[in-house]
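What follows is each chain in one-letter form.
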Amino acid sequence: MSQTQPEASLVKEAMKKTNDRRMFERYQVIHLYLKGYKQKDISDIVLRSTKTVSSYIQIYRSEGLDGLEMGQSPGAPRKLTEQQEHELIQIIAYQTPHDVGYDNHYNWTLSIMVDFIEREWGQTYTLRGVSRLLEDLGLSYTRPTYTLKKADPKKQEEFKNETFPSLKKLLNEEIDHLLFEDESMIRDYQAIQRSWFLKGCQRLIPTYGQHRGAKLLGTLNYETGEVFVSEAEHYDAEVFLEFLKLILKKYPTGKIVMILDNARIHHAKLIQPFLEENQDRLELVFLPPYSPELNLIEGLWKWMKETIINNVFYAKVQEIRINVRKFVLDINTRTDEVIDRLCVKM
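Because the structure is a prediction, the values reported are computed rather than measured.

(A) Summary view of the overall build of the protein. When its secondary structure is counted, the protein shows 13 helices and 5 strands. For the protein, buried positions account for 43% of its 346 residues. A fraction of 68% describes how many contacts in the protein between residues 6 or more apart in sequence connect residues 24 or more apart. Carbon and sulfur atoms make up 51% of the accessible area of the protein, which amounts to about 20,600 Å² in all.

(B) Quick peek at unusual backbone geometry. Not every positive phi belongs to a glycine, and Leu47 is a case in point at roughly 60 degrees. Within the secondary structure, Leu47 is located in the loop between α3 (39-46) and α4 (50-63). Taking the relative accessible area as the measure of exposure, Leu47 reaches 41% and is therefore partly exposed.

(C) Here's a closer look at the pattern of salt bridges. Evaluation of the coordinates by the stated rule reveals 14 salt bridges. Taking the shortest distance from any N to any O, the salt bridge between Lys160 and Glu157 comes out at 3.0 Å. Remark: Glu157 and Lys160 occur in helix α8 (residues 153-170); sequence separation between them is 3 residues, near one turn of the helix. For Glu157, a relative accessible area of 38% puts it in the partly exposed group. In this structure, the salt-bridge partner of Arg334 is Asp330, at a minimum N-O distance of 2.5 Å. Residues joined by salt bridges that share partners form a network here, namely Lys302, Glu306 and Arg341.

(D) Focus on the nonpolar core. Counting residues in hydrophobic clusters, the biggest one holds 57 residues, and the most contacted among them are Ile30, Leu178, Leu220, Ile259 and Met304. Here this core takes 8 residues from helix α2 (residues 21-34), the largest share from any one element. What Leu220 contacts, discounting residues up to four positions off in sequence, is Leu178, Leu179, Phe180, Gly225, Glu226, Val227, Leu296, Ile297, Val338, Leu342 and Cys343. With 21 residues, the next largest nonpolar core counts Phe243, Tyr251, Phe274 and Leu282 among its residues.

(E) Spatial organisation of the side chain of Ser43. Topologically, Ser43 is positioned in helix α3. Looking at Ser43, its side chain comes within polar contact range of the main-chain oxygen of Arg48, at 2.3 Å. For Ser43, the residues in contact, after removing those within four places along its chain, are Arg48, Ser49, Thr50 and Val53.

(F) Structural view of helix α7 (residues 127-136). Residues of α7 that are buried include every one of Gly129, Val130, Leu133, Leu134 and Asp136, and no others. With its buried residues spanning 160 degrees around the axis, α7 presents them on a single face. In this structure, the buried side of α7 is in contact with α4, α5 (82-94) and α6 (110-121). Immediately beyond the C-terminal end of α7, within one or two residues, lies Gly138, with a positive phi of roughly 85 degrees.

(G) Structural context of the packing of aromatic side chains. If you walk through the whole model with that rule in mind, you get 8 aromatic pairs. Considering the side-chain rings of Trp108 and Phe116, the 5.7 Å spacing of their centres and the 70 degrees angle between planes classify their relative orientation as edge-to-face. Judged by centre distance (5.8 Å) and plane angle (90 degrees), the ring pair of Trp303 and Phe327 falls under edge-to-face. Highlighted residues: Trp303 in helix α11 (residues 298-308) and Phe327 in helix α12 (residues 317-331), separated in sequence by 24 residues. Since its relative accessible area comes to 6%, Trp303 is described here as buried. Here Phe327 falls in the buried class, since its relative accessible area comes to 5%. Three or more aromatic residues joined by ring pairs make a cluster, and in this case those are Phe159, Phe164, Phe180 and Tyr222. Across the ring face of Tyr125, the terminal group of Lys79 is positioned such that the distance to the ring centre comes to 4.6 Å.

(H) Molecular detail of the pairing of strand β4 (residues 256-260). Counted residue by residue, β4 has 5 buried out of 5 residues, so it is predominantly covered. On β4, burial covers both faces: Ile256, Met258 and Leu260 on one face and Val257 and Ile259 on the other are all buried. In this sheet, strand β5 (residues 282-286) lies alongside β4 in parallel orientation, the contact comprising 5 bridges. Considered in β5, the bridge of Met258 is made with Leu284. A crossover links β4 with its parallel partner β5, the connecting element being helix α10 (residues 272-277), and its sense is right-handed.

Conventions used here
- Residues numbered from 1 in each chain as written.
- Predicted model: local features only at pLDDT ≥ 70, side-chain atom pairs only at ≥ 80, totals over all residues.
- Heavy atoms only, no water.
- Helix = DSSP H or I, 4+ residues; strand = E, 2+ residues; numbered from the N terminus.
- Buried < 20%, exposed > 50% of the residue type's maximum accessible area, 1.4 Å probe, protein only.
- Contact = heavy atoms within 4.5 Å.
- Areas by Shrake-Rupley, 256 points an atom, 1.4 Å probe, with all protein chains shown as cover.
- Salt bridge = Lys/Arg side-chain N within 4 Å of Asp/Glu carboxyl O.
- Core = buried A, V, L, I, M, F, W, Y, C linked by side-chain atoms within 4.5 Å.
- Polar contact = N/O pair within 3.5 Å; in protein donor to acceptor, adjacent residues only side chain to side chain.
- Arc of directions from axis to C-beta.
- Phe/Tyr/Trp six-rings, centres within 6.5 Å; stacked < 30°, edge-to-face > 60°.
- Lys NZ or Arg CZ within 6 Å of the ring centre and 35° of its normal.
- Pairing = 2+ DSSP bridges.
- Right-handed = clockwise from strand over helix to strand, strands pointing away.

Next up, the structure:
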């Protein structure tokens, strides 16, 4: 459709303006659809069933963005009210069965959830039915990961709900380039992950058993999706200072705001004169302590490792560096995909 690009821009703008999680999700579905993503891929990205994704798209086709407003509830009538569904999400996500009266049970199973829903709200589900319900509510059966206990949830919420939205509002006015920055070491063997192979056999990945790797510093441009990566032999204040100089050369005009973590080199005395000298061009905004999940460029490192490191043997570190450069060149030709994958999360 000839109007796809203008429509996608309108939807992207709606995504930036809304503070409602469910409305953001609906806009995100339409944005991905207008960008040419298949409904199955959209379903995987937003963690909703293909039926739900299809219903959003059908409403958009017939009624436009206004049809997506809350109150337009696609799909068959649900057994639980919207408030009950919200409570269920919060309970499953943030409490254990033990917390709600199931002694000696600390992990949710479908059978416990069936019993819990009937106990709390008098609605009966089959195991398959409750599985579908959870999928429609954006829940999935996933492996947990560790988080840093010292993180401050209040500061994290303040960043998500106040600091970052205020920065976005200044974009293209007082701010010309909004960057997320981070460092990462890409090792010669990072991880083993599942892959297709001969049935009954196991793929063997050679290794020297060492821990060599390429040290990287990078930025992710929140608005354009452009990625910039520099290599280093080590991490210290001097290396970070030189990286900041590279960023000013990369973006020779306009105000740059760089969002980054609280690593010691980011606060080093050595870089303070440079920051003062260039305060009209460069400003550092620090994330709440122990909050790597708020740094959008973390997703880039994960993507890179999945693509060129996992299940791959490198005899020399230089081979890693070559493939890192190729990866960065490749994704910089697909910046719309970078935005959809990394930047729409906040």
